[in-house]
Amino acid sequence: MPNIKLDLSYSGITEREISEYESKVQEIYNNLNEKAKDKNEFVGWLKLPSSYNKKEFERIKKVAERIRKNSEVFVVIGIGGSYLGARAVIESLTSNFANMFPKNIRKSPQIFFVGNSISPNYINELISCIGDKDISINVISKSGTTTEPAIAFRIFREYLESKYGANEASKRIYVTTDKKKGALRELADEEEYETFVIPNNVGGRFSVLTPVGLLPIAVAGIDIDKLMEGAKNAQFNYSDSSIKYNQCYKYAVARNILYERDKTIEILANYEPKLHYLTEWWKQLYGESEGKEQKGIFPAGVDLSTDLHSMGQYIQDGRRNLFETVINVEKSKTDIKIKRDEDNIDGLNFIANKTMDYVNKKAMQGTVEAHVEGGVPNIIINIKELNEETIAELIYFFELACAISGNILGVNPFDQPGVEAYKTNMFRLLGKPGYEFDKKDKK
């Protein structure tokens, strides 16, 4: 049984409207299945939960255990899909304050992420935070030449070699990269770093369930066997060819119906702080996949009820070109009962003996109703609870829906040509050989 249930009752979309897309969606899904057989197409994620490399998977678990034993800090170096997916899963399934716990309580290294910006302050402050603690790093890059992670790796490689010496440092550097080619692969082979493979047919934003995400997730103490089992269940559950029973297809179609109604912004909303980075991953997945040819729904995100005191005003009364997709976690891992206060200075005795999760759910219900009344359609994604199986299912759900939705939109959801524009200008301004200079840049 799926752990995800889609609720379109607040969307203004009828089942009849959804059903009109049935033949189109079936054609798209059949085409994806055909492409998945071709290792040159970026559709390897489709069958990944049932066909991943089992030997490498077992090696990931062994390496993760080694890192957990010999390192107090684990630094993950990557950007985009080499960063957001792992962080999304780790923060969804561990304590909000995991890095602050003493090691004997935490039972895993502090995990930090770097190479996702070019801020010197961030790197210097991270190095100060690490201090004299034992550290291992995982650099993730298919080419090894992506600017942000390449700079960070250069700095942390030097840091490790200065701290441990070249030989010991090489045992604390783990590389996730291309199987055969690229600058990082060449360096890893030369220095004999332990390596893991980024599959050629899986793009970065679809790579959470490959070694890209699995090694950091395993180091965090998360059960990756359960994670892959949840993904495998999702692969089975969302292979149903009938749009009537396929929640994933419905979500993809609903987004496009709303887009045709000039709802050009989708806000992913959650009521659980643990899901903040899932939203960040989702933003990359849909923004990079659909934002092409002057088309696409702009993906945004809010953390509620926090952002109801900031963005809530705009959502309620601003331009009516947006819709919300709300992730509702049905069962909270923990709860707190609100006690009665004799003085009742805050006037909250009317919720005495109720739980915080109950109040949170009512805040969600009240907000959905208010926003719908204000002209903002809402799609609700109900998930049973936060655990390895449900998070993996949600990841696969969003990936498949993204592929379907992009094809309905009429774009290729697996490339990202626009990402190169800023790099070209940056390299020109920095004076990289092979990039032309304007006269105003020559000094």
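Cut-offs applied
- Residues numbered from 1 in each chain as written.
- Predicted model: local features only at pLDDT ≥ 70, side-chain atom pairs only at ≥ 80, totals over all residues.
- Heavy atoms only, no water.
- Helix = DSSP H or I, 4+ residues; strand = E, 2+ residues; numbered from the N terminus.
- Contact = heavy atoms within 4.5 Å.
- Buried < 20%, exposed > 50% of the residue type's maximum accessible area, 1.4 Å probe, protein only.
- Pairing = 2+ DSSP bridges.
- Right-handed = clockwise from strand over helix to strand, strands pointing away.
- Axes fitted to C-alpha atoms, helices over the stretch in contact; angles between N-to-C directions.
- Expected span 1.5 Å × (residues − 1).
- Arc of directions from axis to C-beta.
- Polar contact = N/O pair within 3.5 Å; in protein donor to acceptor, adjacent residues only side chain to side chain.
- Lys, Arg positive; Asp, Glu negative; His and termini not counted.
- Salt bridge = Lys/Arg side-chain N within 4 Å of Asp/Glu carboxyl O.
- Phe/Tyr/Trp six-rings, centres within 6.5 Å; stacked < 30°, edge-to-face > 60°.
- Lys NZ or Arg CZ within 6 Å of the ring centre and 35° of its normal.

**What about the environment of R68?**
Part 1: Within the fold, R68 resides in helix α4 (residues 54-70).
Part 2: Considering only alpha carbons, one finds R68 and F206, 138 residues apart in sequence, at a separation of 26 Å.
Part 3: In this view, R68 contacts K107, S108, P109, A218, V219, A220 and G221; residues no more than four positions away in its chain are not counted.

**Here's the deal with the pairing of strand β9 (residues 322-331)**
Part 1: Of all the 10 residues making up β9, eight are buried; the element is thus mostly covered by neighbouring parts of the structure.
Part 2: In terms of strand pairing, strand β7 (residues 265-270) meets β9 through six bridges, oriented parallel. Directly across from L268, in β9, lies its bridge partner T325.
Part 3: Of the strand pairs in this sheet, β9 and strand β10 (residues 378-385) are connected by seven bridges, and their pairing is parallel. Opposite K331, over in β10, you have E385 as the bridge partner.
Part 4: Regarding the hand of the β-α-β motif, the stretch spanning β9, helix α16 (residues 356-373) and β10 is right-handed.

**Some points on the sheet that holds strand β3 (residues 110-114)**
Part 1: With parallel pairing, five strands are arranged side by side in an open sheet as β3-β2-β4-β5-β6. Every interior strand has two partners, whereas the edge strands, β3 and β6 (194-197), have only one. Sheet twist, expressed as the mean angle between neighbouring strand axes with direction ignored, is 20°.
Part 2: Two strands pair when backbone bridges link them, and strand β2 (residues 73-77) and strand β4 (residues 135-140) are joined in this way by five bridges, in the parallel orientation. Across the sheet, the residue bridging to V76 is N138, located in β4.
Part 3: This element, α4, spans β2, β4, β5 (173-177) and β6 of the sheet and lies at about 135° to β6.
Part 4: Across the sheet, helix α7 (residues 120-130) touches β2, β3 and β4, and the angle it forms with β3 is around 160°.

**Topic: α4**
Along an α-helix, residues three or four positions apart point the same way, because every turn accommodates 3.6 residues.
Part 1: The end-to-end C-alpha separation of α4 is 25 Å, in line with the 24 Å expected for 17 residues at 1.5 Å each.
Part 2: Taken together, the buried positions of α4 are occupied by E56, F57, I60, V63, A64 and I67. Viewed end-on, α4 has its buried residues packed into an arc of 120°, placing them on one side of the element. Of the exposed residues in α4, those oriented more than 90 degrees away from the buried face are K55, K62 and K69.
Part 3: Looking at the buried side of α4, the elements it contacts are β2, β4, β5, β6, α11 (211-219) and α12 (224-237).
Part 4: The residue sitting at the N-terminus of α4 and contributing the capping side-chain oxygen is N53; that oxygen lies 3.1 Å from the backbone nitrogen of K55.

**Describing the side chain of E399**
Part 1: By the secondary structure assignment, E399 is in helix α17 (residues 388-409).
Part 2: The side chain of E399 is buried and forms no salt bridge, while R205, the nearest opposite charge, is found at 9.3 Å.
Part 3: For E399, the contacting residues outside a window of four places in its chain are W45, R205, F206, V208, W281 and L285.

**Considerations on the packing of aromatic side chains**
The geometry of two aromatic rings is summed up by the distance between their centres and the angle between their planes.
Part 1: Counted according to the given criterion, the structure contains 18 aromatic pairs.
Part 2: Here Y52 and F57 contribute two aromatic rings whose centre-to-centre distance is 4.9 Å and whose plane-to-plane angle is 50°, an arrangement assigned as tilted.
Part 3: Residue class for Y52 comes out buried when judged on its relative accessible area of 18%.
Part 4: Taking 6.4 Å as the distance between ring centres and 70° as the angle between the ring planes, the aromatic pair formed by Y83 and Y277 counts as edge-to-face. Remark: Y277 occurs in helix α14 (residues 276-290) and Y83 occurs in the loop between β2 and α5 (84-93); sequence separation between them is 194 residues. The same class applies to Y83 as to Y277, namely buried.
Part 5: Among the aromatic side chains, those forming a connected cluster through ring pairs are Y238, Y251, W281, W282, Y286, F397 and F398.
Part 6: The ring of Y52 has K54 sitting right over it, with the charged end atom 4.3 Å from the ring centre.
Part 7: The ring of Y277 carries the charged tip of R87 above its face, separated from the ring centre by 4.0 Å.

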